[in-house]
Amino acid sequence: MPAADLTSYRAVHAALRLAPHRLAGAARTLDPHDHRRVKALGRYWRGFAGEVLAHHTVEDDNMFPALVEKVPVAAEMIERTDAEHHRLDELMAACSDAVERATHGSARASSDLAGCFEALAAHMDDHLDFEDADILPLFERHFTAEEYSVLEDAAMKSLGIGAQAAFTVPFIAASVDPDTRDQFFG
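Rules used throughout
Residues numbered from 1 in each chain as written. Predicted model: local features only at pLDDT ≥ 70, side-chain atom pairs only at ≥ 80, totals over all residues. Heavy atoms only, no water. Axes fitted to C-alpha atoms, helices over the stretch in contact; angles between N-to-C directions. Helix = DSSP H or I, 4+ residues; strand = E, 2+ residues; numbered from the N terminus. Parallel < 35°, antiparallel > 145°, perpendicular 65-115°, else oblique. Contact = heavy atoms within 4.5 Å. Expected span 1.5 Å × (residues − 1). Bend = angle between axes of the 7 residues up to and from the residue. Buried < 20%, exposed > 50% of the residue type's maximum accessible area, 1.4 Å probe, protein only. Arc of directions from axis to C-beta. Phe/Tyr/Trp six-rings, centres within 6.5 Å; stacked < 30°, edge-to-face > 60°. Lys NZ or Arg CZ within 6 Å of the ring centre and 35° of its normal.

Asker: Account for the packing of helix 2 (residues 35–70) against helix 6 (residues 163–173), naming residues and giving values.
Answerer: The axes of two packed helices give the description: the angle between them and the distance between them. Two elements in contact, helix 2 and helix 6, have axes separated by 9 Å at closest approach and are oriented at 90°. The angle between the axes of helix 2 and helix 6 places the two elements in the roughly perpendicular class. Within the contact between the two elements, helix 2 uses Tyr 44, Gly 47, Phe 48, Gly 50 and Glu 51 and helix 6 uses Gln 164, Phe 167, Thr 168 and Phe 171.

Asker: Please give an account of helix 2 that cites residues and values.
Answerer: Here helix 2 is 36 residues long and its end C-alpha atoms lie 51 Å apart, about the 52 Å a rise of 1.5 Å per residue gives. Along helix 2, the sharpest change in direction is near 45° and occurs at Glu 59.

Asker: Summarise helix 5 (residues 145–159); cite the residues concerned and give the values.
Answerer: Taking 1.5 Å per residue as the helical rise, helix 5 with its 15 residues ought to reach 21 Å, and the 21 Å between its terminal C-alpha atoms agrees with that figure. Among the residues of helix 5, those classed as buried are Tyr 148, Leu 151 and Ala 155. Buried positions in helix 5, seen along its axis, are confined to an arc of 60° and lie on one side of it. Relative to its buried face, helix 5 has exposed residues pointing more than 90 degrees away, namely Glu 146, Val 150, Asp 153, Met 156 and Lys 157.

Asker: Summarise the packing of aromatic side chains; cite the residues concerned and give the values.
Answerer: When we look at a pair of aromatic rings, we describe it by the centre distance and by the angle of the planes. Evaluated as defined, the whole model comprises nine aromatic pairs. Positioned above the aromatic ring of Phe 143, the side-chain terminus of Lys 70 is 5.4 Å from the ring centre. Just above the ring of Phe 130 sits the side chain of Arg 80; from NZ or CZ to the centre is 3.8 Å.

Asker: I'd like a description of the environment of Glu 51, backed by residues and values.
Answerer: Residue position: Glu 51 is located in helix 2. Relative accessible area serves as the criterion here: at 7%, Glu 51 is assigned to the buried category. Sequence separation of Glu 51 and Leu 88 is 37 residues, and the distance between their C-alpha atoms is 13 Å. In this structure Glu 51 touches Val 12, Leu 16, Gln 164, Phe 167, Thr 168 and Phe 171, once residues within four positions along its chain are discounted.

Okay, structure coming up:
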């Protein structure tokens with residue numbers, strides 16, 4: 001039987017990994033008086049934050065419980081991801097506060113934002129390195145393509161298609177190579 005295809009999972013991880021680095025770069029050069037750019041950064045942040053929340057909700061509610069059910073020893077690894085998701089929530093809240101200050105004209109907005117986004121990027125890199133190296137291979141080894149497809153379909157159904165999709169689709173498409181993009185959206 002064919003193994004699970006985690007192309008879409010890895011595509012989402014690629015986008016989630018790249019975005020905080022891009023946000024930090026944008027924040028370092030942000031002129032707090034350039035209201036158009038400050039607003040654009042705020043819109044991108046809200047889309048990104050929504051995607052992070054959606055992704056981790058799917059992991060916590062759908063993917064990881066199914067993995068632990070099939071591979072009980074994965075529970076220890078999921079404890080680590082739970083702790084990392086909690087830390088991620090804290091970092092996201094700090095960044096949201098910094099974005100809010102920037103949209104209200106704080107003079108220190110650029111340095112506050114850059115520092116928040118840099119901390120978020122470092123945590124996201126470490127977190128996704130762990131998931132990519134240790135968690136995703138368990139899905140590939142222990143789930144057939146059909147079993148994983150059912151799990152993916154349930155995850156997508158739990159998210160639904162709403163306003164977040166208007167951000168998520170181009171967000172992911174812009175973060176992967178053309179072959180992956182074709183496979184992901186095929």
